[in-house]
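Overview (structure and organization)
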Amino acid sequence: MGEMNRHQPHDPAQLRISDADRHRVAELLRTAAGEGRLDLEELDERLEQTFAAKTYADLVPITVDLQPATTTSATPAPRPAAHLEGMPGHATSIAIMGERKRRGAWHVPESHTAFALMGAVLIDLREATLSSRDTTINASAIMGEVKIYVPAHVNVIVEGVPIMADYGQSKDKIPAEIGPDSPIVRVKGIALMGSVEVSRLPPPGTPRKFLGTY
């Protein structure tokens, strides 16, 4: 029996969490309360659950509904510029036990939410049109992955929180060409037993022989 257990794979969700993990989730909860997504009673209840949590699986129900929501307004959205007419626009990219891809020519609003729950999301900005000079992508993954591709001229600022996960920017596959007029893309969110990765890549269709290790 002991020999059999030794060869059984461990479920990462059942691994014990640390105090640092609990404090990171608590900070996420306080931020959500400050944004009005949790009331004080809910905040107290979830903080109590957080500090009582033993495993990473215990943290999932506490955080799964706190992905940044798309901003809405009672006033009609402004009419897009002429060069955006007819171009598809998307405010969210969500994958739950599946896959969602945004690539090719599409319109990226000032704020975009990407969320993967046991799934995969791809956000390709290389042929996309940004509606703002300063764009925020709220990218979060719980036991899933979010990949974001950016071109050479985009300045990326990654500010996400990893919990037993990876959240960051990989080594550039092409040199960055960032100047004072470069658009900014801010990537924020949380990765819980998953990954959020930003990659700077050449234009789609570039022959592999010109890409080195790409």
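Numbers given to residues run from 1 along each chain, matching the order in which its sequence is written. A pLDDT threshold of at least 70 governs which residues receive local features in this predicted model, and a stricter bar of 80 or more applies before side-chain atom pairs are shown or counted, although totals over entire chains, interfaces and linings include all residues. Side-chain numbers come from the whole structure's heavy atoms, not from hydrogens or water.

**Re the overall build of the protein**
Runs of E in the DSSP output that reach at least two residues are strands. Runs of H or I that reach at least four are helices, and both are numbered from the N terminus. Broken down by element type, the protein carries four helices and 14 strands. Here the term buried applies to any residue with accessible area under 20% of the maximum for its type, exposed to any over 50%, and partly exposed to those in between, with areas from a 1.4 Å probe on protein chains only. Classification of the 214 residues of the protein by burial places 40% in the buried group. Long-range pairs, those at least 24 residues apart, make up 68% of the contacts in the protein between residues at least 6 apart in sequence. Here the open area of atoms and residues is found with the Shrake-Rupley method and a 1.4 Å probe, where only the protein chains shown may cover a residue. On the protein, roughly 12200 Å² of surface is accessible, and the fraction owed to carbon and sulfur atoms is 53%. Contact criterion: two residues are considered in contact whenever any of their non-hydrogen atoms come within 4.5 Å of each other.

**Notes on the environment of N155**
Structurally, N155 is set in strand β9 (residues 155-158). Along the backbone, N155 and G179 are 24 residues apart, and their C-alpha atoms lie at a distance of 8.5 Å. In this structure N155 touches I178, P183, I184 and V185, once residues within four positions along its chain are discounted.

**Digging into the pattern of salt bridges**
By salt bridge we mean one thing: a side-chain nitrogen of Lys or Arg within 4 Å of a carboxyl oxygen of Asp or Glu. In this structure the tally under the stated criterion is seven salt bridges. Here R186 and D134 are joined by a salt bridge, their closest N and O atoms 2.9 Å apart. Of this pair, R186 sits in strand β12 (residues 184-188) while D134 sits in strand β7 (residues 134-142), and the two are 52 residues apart along the sequence. Residue R186 is classed as partly exposed on the basis of its relative accessible area of 23%. According to the relative accessible area criterion, D134 is partly exposed, its value standing at 28%.

**Some details on the packing of helix α2 (residues 19-34) against helix α4 (residues 56-63)**
Here an axis means a line fitted to C-alpha atoms, over the contact stretch when the element is a helix, while the angle between two N-to-C directions is reported on a 0 to 180 degree scale. Orientation of α2 relative to α4, taken along the N-to-C sense of each, is 5 degrees, at an axis distance of 11 Å. The angle between α2 and α4 falls in the class roughly parallel. Contacts from D21, V25, L28 and L29 of α2 reach α4 at Y56, L59, I62 and T63. Taken together, the residues of the contact of α2 with α4 break down into six nonpolar, one polar and one charged. Throughout this description, any angle smaller than 35 degrees is read as roughly parallel, any larger than 145 degrees as roughly antiparallel, any in the 65 to 115 degree range as roughly perpendicular, and the remainder as oblique. Following the grouping adopted for this structure description, the nonpolar residues are Ala, Val, Leu, Ile, Met, Phe, Trp, Tyr, Cys and Pro, the charged ones are Asp, Glu, Lys and Arg, and the polar ones are all others, Gly among them.

**Section: the sheet that holds strand β11 (residues 166-169)**
Note: two strands are recorded as paired if DSSP finds a minimum of 2 bridges between them. Ordered in space as β2-β5-β8-β14-β11, the five strands form an open sheet in which the pairing is parallel. Strands with a single pairing partner mark the edges of an open sheet, and in this sheet they are β2 (99-102) and β11. Going from strand to strand, the sheet's axes swing by 10 degrees on average, the running direction of each strand aside. Both strand β8 (residues 145-150) and strand β14 (residues 195-200) contribute to a ladder of six bridges, which runs parallel. Residue pairing for β14: V146 is matched across the bridge by V196.

**Description of the side chain of S93**
Relative to the elements of secondary structure, S93 occurs in strand β1 (residues 92-96). We classify S93 as buried; its relative accessible area is 0%. Discounting residues that sit within four places of it in the chain, S93 has contacts with R100, R102, H112, T113, A114, F115, V121 and I123.

**Here we look at α2**
Here the expected length of a helix is defined as 1.5 Å per residue gap, with one fewer gap than residues. Look at α2: 23 Å from first C-alpha to last across 16 residues, which is about the 22 Å you get at 1.5 Å a residue. Residues of α2 that are buried sit in contact with α3 (40-52), α4 and β10 (161-163). Of the residues flanking the end of α2, it is G36, one or two places downstream, whose phi is positive at about 85 degrees.

**A word on the packing of α2 against α3**
Interaxial distance between α2 and α3 falls to 9 Å at its minimum, and their mutual angle equals 170 degrees. Relative to α3, α2 is oriented roughly antiparallel. Of the residues in α3, those in contact with R22, H23, V25, A26, L29, R30 and A33 of α2 are L43, R46, L47, T50 and F51.

**Quick look at the environment of V146**
Looking at where V146 falls in the secondary structure, it is placed in strand β8. Judged by relative accessible area, which is 0%, V146 ranks as buried. Each C-alpha atom of the pair V146 and A114 lies 7.2 Å from the other, and the pair is 32 residues apart in sequence. Sequence-distant contacts of V146, that is, excluding residues within four places in its chain, are made with A114, A116, V121, A139, S140, A141, S195, V196 and E197.

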